[in-house]
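Listed below are the residues making up each chain.
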Amino acid sequence: MSSALRAEVGQIDVDAIVVGAGGAGLWAALELAREGIPTAVLTKLYPTRSHTGAAQGGVCAALGNVEEDHWEWHMFDTIKGGDYLADQDAAEVLAREAIPAVIELERMGLPFNRTPDGKIDQRRFGGHTRNYGEGPVRRSCYAADRTGHMILQTLYQQCIKAGVKFYDEYHVVDLVFDGGEADKGGRCSGVVGYKIADGTLHVFRAKAVLLATGGYGRAWRVTSNAHSLTGDGMALAWRHGVPLQDMEFYQFHPTGIVGTGILLSEAARGEGGYLINDAGQRFMESYAPKLMELAPRDMISRAIYQEIRAGRGIGGKDYIHLDVRHLGRKVIEEKLPDITELARIYQGVEPISEPVPVQPTAHYAMGGVPTNLETEVLADARGNVVPGLFAAGEVACVSVHGANRLGTNSLVDLLVFGKRAGIRMAQICKSTPQPGSVQGAERAVRDELLALSTRPSGVRPAEIRRELAALMMDNVGVYRDEALLGAAVKGIAKLKGEYANVRVEDTGSVFNTDLLEARELGYLLDTAEATAVSAYARTESRGAHSREDFPERNDAKFLAHTLVWQGSDGAPATKLDYKLVTITKFEPKARVY
Amino acid sequence: MASATQVELKIQRFDPERDSEPHWQTLTVPVEPMDRVLDLLTRAKELFDGSITFRRSCAHGVCGSDALLINGRNRLACKLRVEALGRTITVAPLPGLPIVKDLVVDMEEFFDKFRSVQPYLVAAPVEGDGERIQSEEQRDRYDDTTKCILCAACTTSCPSFWAQPEYVGPAAIVNAHRFIFDSRDENADTRLDILSDENGVWRCRTTFNCVEACPRGINITKAILEVSSAISARR
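It should be emphasised that the depicted structure is a prediction, and the values quoted were computed from it without experimental measurement. Starting from 1, residues in each chain are numbered consecutively following that chain's sequence as written. Each chain gets a letter, beginning with A, and each ligand a number, beginning with 1, in the order they are written. Only residues with pLDDT of at least 70 are given local features in this predicted model, and only at 80 or more are side-chain atom pairs given and counted; all residues enter the totals for whole chains, interfaces and linings.

Draft legend 1. Structural context of the overall build of chain A. Scanning chain A from terminus to terminus reveals 15 helices and 24 strands. Radius of gyration means the value over C-alpha atoms here, while the globule rule gives 2.2 Å times the residue count to the 0.38 power. Relative to its length of 593 residues, chain A is compact, with a C-alpha radius of gyration of 23 Å against a globular reference of 25 Å. With the C-alpha coordinates aligned to their principal axes, the bounding extent of chain A is approximately 65 × 50 × 50 Å. For chain A, with 593 residues in total, the buried portion stands at 65%. Taking all contacts inside chain A whose residues are at least 6 apart in sequence as the whole, residues at least 24 apart take part in 75%. The helix and strand labels rest on DSSP assignments: H or I over at least four residues marks a helix, E over at least two residues marks a strand, and numbering proceeds from the N terminus. Three classes are used. A residue is buried when 20 or more other C-beta atoms lie within 10 Å of its own, exposed when 12 or fewer do, and partly exposed in between, with C-beta atoms placed from the backbone. Contact definition: two residues whose C-beta atoms, as placed from backbone geometry, lie within 7 Å.

Draft legend 2. View of the domain arrangement of chain A. Residues and elements named next belong to chain A. All domain edges in this entry derive from an automatic or database-based domain assignment. Assigned domains of chain A: these are domain 1 (255-359) and domain 2 (443-552). Summarising the inter-unit geometry, the C-alpha centres of domain 1 and domain 2 are found 31 Å apart. Of the residues lining the interface, four residues belong to domain 1; the matching set on domain 2 comes to five residues. Its residues assigned to classes, the side of domain 1 that touches domain 2 shows one nonpolar, one polar and two charged. Any residue that is not Ala, Val, Leu, Ile, Met, Phe, Trp, Tyr, Cys, Pro, Asp, Glu, Lys or Arg is counted as polar, Gly included; the first ten are nonpolar and the last four charged.

Draft legend 3. Spatial organisation of the interface of chain B and chain A. Contacts between the two partners involve 43 residues from chain B and, on the opposite side, 46 residues from chain A. Those elements giving two or more residues to the side of chain B that touches chain A turn out to be β6 (99-101) and α3 (136-141) of chain B. Per-class residue counts for the side of chain B that touches chain A are 16 nonpolar, 11 polar and 16 charged.

Draft legend 4. Expanded view of the environment of Lys161 of chain A. Tracing the backbone shows Lys161 of chain A in helix α4 (residues 147-162). For the pair Lys161 of chain A and Leu30 of chain A, spaced 131 residues apart in sequence, the C-alpha separation works out to 9.6 Å.

Draft legend 5. Region of the structure containing helix α10 (residues 409-431) of chain A. One fewer than the residue count of a helix, multiplied by 1.5 Å, yields its expected span. In this model α10 of chain A runs 33 Å from its N-terminal to its C-terminal C-alpha over 23 residues, within 8% of the 33 Å that 1.5 Å per residue would give. The buried fraction of α10 of chain A amounts to 18 of the 23 residues, a majority that puts the element mostly inside the structure.

Draft legend 6. Region of the structure containing the confidence of the model for chain B. Residue-level pLDDT values for chain B average 96, and 98% of them are 70 or greater. Overall fold confidence for the complex sits at a pTM of 0.97, while the interface term, ipTM, reaches 0.97. Confidence scores per residue from the predictor, reported as pLDDT, run from 0 to 100.

Draft legend 7. Representation of the pairing of strand β1 (residues 6-13) of chain B within the structure. Residue and element names in this part refer to chain B. Bridge count between β1 and strand β2 (residues 23-30): eight bridges; the pairing is antiparallel. Residue pairing in the sheet places Leu9 in a bridge with Leu27 of β2. When DSSP locates at least two bridges between a pair of strands, those strands are taken to pair. As paired strands, β1 and strand β5 (residues 88-92) are joined by four bridges and run parallel to one another. Directly across from Leu9, in β5, lies its bridge partner Ile89.

Draft legend 8. Structural detail: the domain arrangement of chain B. Along its sequence, chain B is carved into domain 1 (6-105) and domain 2 (108-234). Between domain 1 of chain B and domain 2 of chain B, the contact holds 14 residues from the first and 14 residues from the second.

Draft legend 9. Quick look at the packing of helix α5 (residues 170-180) of chain B against helix α6 (residues 188-195) of chain B. Residues and elements named next belong to chain B. Running from N to C, α5 and α6 point in directions that differ by 155°, and their axes come no closer than 9 Å. As summarised for this structure, α5 and α6 are arranged roughly antiparallel, according to the angle between their axes. In this structure, α5 crosses over α6, and the sense of that crossing is left-handed. On α6, the residues that touch Ile173, Ala176, Phe179 and Ile180 of α5 are Ala188, Arg191, Leu192 and Leu195. Under this scheme, a helix contributes an axis fitted over its contacting stretch, all axes are lines through C-alpha atoms, and angles between N-to-C directions fall in the 0 to 180 degree range. Throughout, the term roughly parallel applies to angles under 35 degrees, roughly antiparallel to angles over 145, roughly perpendicular to angles from 65 to 115, and oblique to all others. Should the near helix be turned anticlockwise from the far one by less than a right angle, the crossing is termed left-handed; should it be turned clockwise, right-handed.

Draft legend 10. Quick look at the environment of Ala237 of chain A. All names here are of chain A. Among the secondary structure elements, Ala237 is positioned in helix α5 (residues 232-239). Under the C-beta neighbour-count criterion, Ala237 is labelled buried, with 28 such atoms within 10 Å. Non-local contacts of Ala237, meaning those with residues more than four positions away in its chain, are made with Leu175, Leu211, Val242, Val369 and Val377.

Draft legend 11. Local environment of the nonpolar core. All names here are of chain A. In this structure, Ile17 and Leu210 are the most contacted members of the largest nonpolar core, which totals 272 residues. No other element matches helix α14 (residues 513-537), which puts 13 residues into this core. Those residues in contact with Leu210 that lie beyond four places of it in its chain are Ile17, Val18, Val19, Gly25, Ala28, Phe390, Ala391, Ala392, Ala421 and Met425. To form a nonpolar core, buried Ala, Val, Leu, Ile, Met, Phe, Trp, Tyr and Cys residues must be joined through C-beta atoms within 7 Å.

Draft legend 12. Main features of the pairing of strand β11 (residues 208-211) of chain A. Residue and element names in this part refer to chain A. A two-sided burial pattern is seen for β11, the buried positions comprising Ala208 and Leu210 on one face and Val209 and Leu211 on the other. With four bridges joining them, strand β2 (residues 16-19) and β11 adopt parallel strand pairing. Pairing of Val18 across the sheet is with Leu210, part of β11. Here β11 runs beside strand β19 (residues 385-391); their pairing, made up of three bridges, is parallel. Residue Leu211 lies in a different strand from β19, and its bridge partner there is Ala391.

Draft legend 13. The arrangement of the environment of Ala493 of chain A in detail. Among the structural elements, Ala493 of chain A can be located in helix α13 (residues 482-499). As for Ala493 of chain A and Ala571 of chain A, which are separated by 78 residues in sequence, their C-alpha atoms are 8.6 Å apart.

Draft legend 14. Spotlight on the sheet that holds strand β24 (residues 576-580) of chain A. Residues and elements named next belong to chain A. Taken in spatial order, the three strands line up as β12-β23-β24 in an open sheet, and their pairing is antiparallel. Across the chains shown, the open sheet's two edge strands, defined by having one partner strand only, are β12 (244-245) and β24. Of the strand pairs in this sheet, strand β23 (residues 560-564) and β24 are connected by five bridges, and their pairing is antiparallel. When the sheet's bridge partners are listed, Ala560 is paired in β24 with Leu580. This element, α14, spans β12, β23 and β24 of the sheet and lies at about 135° to β23.

Draft legend 15. Region of interest: the sheet that holds strand β16 (residues 356-365) of chain A. Residues and elements named next belong to chain A. Taken together, the four strands give an open sheet; going across it, the order is β13-β16-β15-β14, and neighbouring strands pair in antiparallel fashion. The open sheet has two free edges, formed respectively by β13 (250-257) and β14 (274-276), since each of these has just one partner strand. Along the sheet, successive strands turn relative to each other by an average axial angle of 45°, direction set aside. When strand β15 (residues 320-323) meets β16, the two strands line up antiparallel, connected through three bridges. Of the residues in β16, the one forming a bridge with Leu322 is Val356.

Here it is as structure tokens:
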């Protein structure tokens, strides 16, 4: 009789563990290697298949290579773009350290596009402005429209050079805590990895564990996210008593391919592309006359919904056009080659001669596992740290993006804070004793996985996943209100009930993706719940969280980050707390572009 | 394909815990207009048989997880539209690598070869706090080979690789090329040494299978010939 799990359990002791091998995880691993810290990097994919590689447009840093720019301007844009919810000390770190991070990437070999004098070339991107909002600025450093691909490849190359130890296709299925869960003062002392190739569990013990697992876009039906983006790190932390922060702020990118949600990068608008409604009008002139198509993403996504509601979608339907024809064949083919190919293959449209139908697509989590500036995970609103646990990249909420992330700042975030994570973890590893061994750290998750794979009958995971994705799309999308969100909270609770009876068909121990997808569905349900509960409670509109029943921003009450904890024993989440936003340089103002 | 609502999907199956040999499973799968082969595989798994096993992640051609042998050619399942393939679609694992299960092959050897060519920039530290200068022409020199996503479609389409599994293969040479022709790199000689051994570039027979297989449109054979010319030029 085969089983999805083998009996033997691996035991691996290291100093540091990195979960996830996208940009944040790889840069952290590189810093740890530089400090000689024995490190294990676990990824459920191969490193080069991480979703950092899908980022297209560029990475902003105020290099000033093609026109005047200053990190203070980048900081301001980030804060204003985030509708004043970003912590300003964090936004300052982001904007300042973007500059050395990009330079260091170039020195690692990243093939940036170049200016005529051989420097890193820069182009415009949404929400990035000169002199505190006067007009667009060229700040985005890029490698054609495959900047993320080149960042991922370059960091992986350097990790190979540095001899980083990878555990490829190890799916992290649990965190190990000593001395109680995170909300009871416990410390994170390792992870449990499931080796996909043979169904064995491995307990990894370490002094420091970094979550770098990315986001959870697969909770929505139309998404730009990879199948692998199922909120693993957020859900695992949540289950061990760590709160999730600002989960109601989820970004819908304005230009996804209709139906699939595959992203057409903002680079298309950075190079001068137009958004056009059924009347042939550049409708952004009614919403953001100064920045037009380079306004922040939340505003453009709302504008598209407004146009569609007013019957000005193309042919009265639920999409509008992205038009790059006027840029000419040369610019399109040289600066936007991948985007052009995406439109051709996935939409059957030729951007050189036709406008491309687009609609908003679920794209990026501004929220996540709360951390301080050193990437240490926080246990509460008072700033108490969860010892041993770190988070960086999309899984984390520092918060640098506030209520709405600017284009390219995801890459900036994972570079700056991935690096910081590695540096901080190396310090901790040098001053912390190795945790003692514990027997049976894998027992709880073994029981859960066995329950999934030995249930004789039950509902298929795909059915629940489909329902969840539709519910999140309809009720927790660009526009929200109390009724929609209330129904979402109830609907997710119902789906969680059904999930308790989910059944996996594949009972084997070799490469059991059926089992792992069912496990991932559990993570999606948790992150969706945290999102809906946080959104229900925030009775204001700010950034990407747009309540039609509370259309105004309410700084008196909500200039604060939401924290939400998981309910106990499977009960719905009801415990919330709020943490004041850190304001240093820029007083909140009305957000006009 | 406009009127067709379903296709016959033949999937090569192999479960090492049950089967001694691979076998075929044929399913009739509903199709939607813009479907790609990955959509069909996903639907088959969701509707008919949860044990069908394949890798996938980004689902739009940038991660390289789902390179498969589809109707006799190595392609990315997420980039290949069903309507281009007719009514019967056969899907098998990439040829020449050990099968782990169903459509999943063991990639370790492939990545070992990639790592063997020292695929990383080697350069002396730079003074000051700015970037290195590289002209647009210098940057263009290796642009094509920066596109590789390590999907293995090229290497596993190569007859020289099938005949001689020790051959380092097109993907590894592409990644060596990316650094050999980068004006910033100082390690070209070492890579050329590695690639001039008996399992290096000389095994290429210029069949262009790799060029045809590459989902990123890299002119792989040209890159291999540039590397072999560079080796010859040293002699």
